[in-house]
Amino acid sequence: MAVLLGIAIVLAGIFGGFVLEGGHLGPLYQPYELLMIAGGALGAFVISNDGKAMRATVAAIPTLFQGPKQTNALYLDLLSLLYDILGKIRKEGLMSVESDIDKPEQSPLFAKFPSILADHHLTEFITDYLRLMVSGNMDPFQIENLMDNEIEVHHQDGEIPIHAITRLADGLPAFGIVAAVMGVVHTMGSVGMPPAELGNLIAAALVGTFLGILLAYGVFGPIASLLERKLQESTKIYQCVKVTLIASLNGYAPTLAVEFGRKVISAVQRPSFGDMESHFKQQKTR
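Residues numbered from 1 in each chain as written. Predicted model: local features only at pLDDT ≥ 70, side-chain atom pairs only at ≥ 80, totals over all residues. Heavy atoms only, no water.

- The protein goes by Flagellar motor stator protein MotA in an unreviewed UniProt entry, where it is assigned to Duganella dendranthematis.
- If you open the UniProt record of the protein and go to Sequence similarities (unreviewed entry), you find "Belongs to the MotA family." (UniProt positions renumbered as here; feature names shortened; annotations may be inferred.)

1. As for the UniProt feature "transmembrane region" (unreviewed entry) in the protein
- The UniProt feature table records "transmembrane region" (unreviewed entry) at residues 29-47, 171-189 and 201-227.
- With 89% helix and 0% strand, residues 29-47 has its two end C-alpha atoms placed 29 Å apart. (Helix = DSSP H or I, 4+ residues; strand = E, 2+ residues; numbered from the N terminus.)

2. Here we look at the UniProt feature "domain: Motility protein A N-terminal" (unreviewed entry) in the protein
- Residues annotated by UniProt as "domain: Motility protein A N-terminal" (unreviewed entry) correspond here to residues 5-93.
- Regarding residues 5-93, the helix share stands at 73% and the strand share at 0%, and the terminal C-alpha atoms are separated by 53 Å.

3. What about the layout of surface pockets?
- A volume near 1100 Å³ is recorded for the largest pocket.
- Surrounding the largest pocket, 33 residues form its lining, K69, H154, K230, L231 and S234 being those nearest its centre.
- Contributions of two or more residues to the lining of the largest pocket are made by helix 3 (51-60), helix 8 (120-135), helix 9 (140-188) and helix 10 (195-249).
- For the lining of the largest pocket, the leading source of residues is helix 10, giving nine residues.
- Taken together, the residues of the lining of the largest pocket sort by class into 14 nonpolar, nine polar and ten charged.
- As for the second largest pocket, its lining consists of 19 residues, and the residues nearest its centre are I61, I165, L168, F220 and I223.
- Contributions of two or more residues to the lining of the second largest pocket are made by helix 1 (2-20), helix 2 (31-48), helix 3, helix 9 and helix 10.
- Among the residues forming the lining of the second largest pocket, the class breakdown is 18 nonpolar, one polar and no charged. (1 Å grid on protein atoms, 1.4 Å probe; cavity = no way out; pocket = protein on both sides within 12 Å on 5 of 7 lines; lining within 4 Å. Points joined across faces, edges and corners; volume = space filled by probe spheres on them. Nonpolar A, V, L, I, M, F, W, Y, C, P; charged D, E, K, R; others polar.)

Following this line, the structure appears as structure tokens:
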């Protein structure tokens, strides 16, 4: 809802100020100018993006109206799951978690954390690297490098809709100018009309420039910035898993390994050490 609220504030501030200084909203209603801007921008969007980018952009739009997935509670569940897995490995050996990582949906360890199981990509990331740890054929440096590469690919995929919308925002002022020029051409072709009607045509042409700039900097630019922020948050959770598992591979006890992971979480979502300990104790009593 913050997105809709922000757009409403932008529109209220601009149009409200226009009305308060004595302007009339009627002349701003220029559907043909909007059609030229929207049509040109849509066409450029189709030209500059392949099917993958367009599907990714359409899929990203609903996420704008969703709250943050990476919450304090989710990180607590993630750290608790990793703590339980690493604790089992430390007590019973790496092979003891083989059944858990092969079928996480049937694992008692994963079953305690439905919020983690609900995220298919996160669950797959955890189980894939636990599987590599169980194989015993890779050293920590190799696994860390592979994790970094996968996280980078995840980040690049997430940037596809961001770049598409950013380019769209960058082009909107230009399409506003195109619409304005077309309006001026129409005006120049109608020089024999009365001055009042010519004034209306000039006003309509200027509205094209106004709409292009408004949509670029008041709507689509901020949307791209929000998607970028959401991408950074989604990447951070994979880094938390990476740091925790690498710490375990380097010989640290489960308590210290999850503390390593806790430290890379953003301060806004990071659980305190006391909250983490309390959560671990609650999970043990279940």
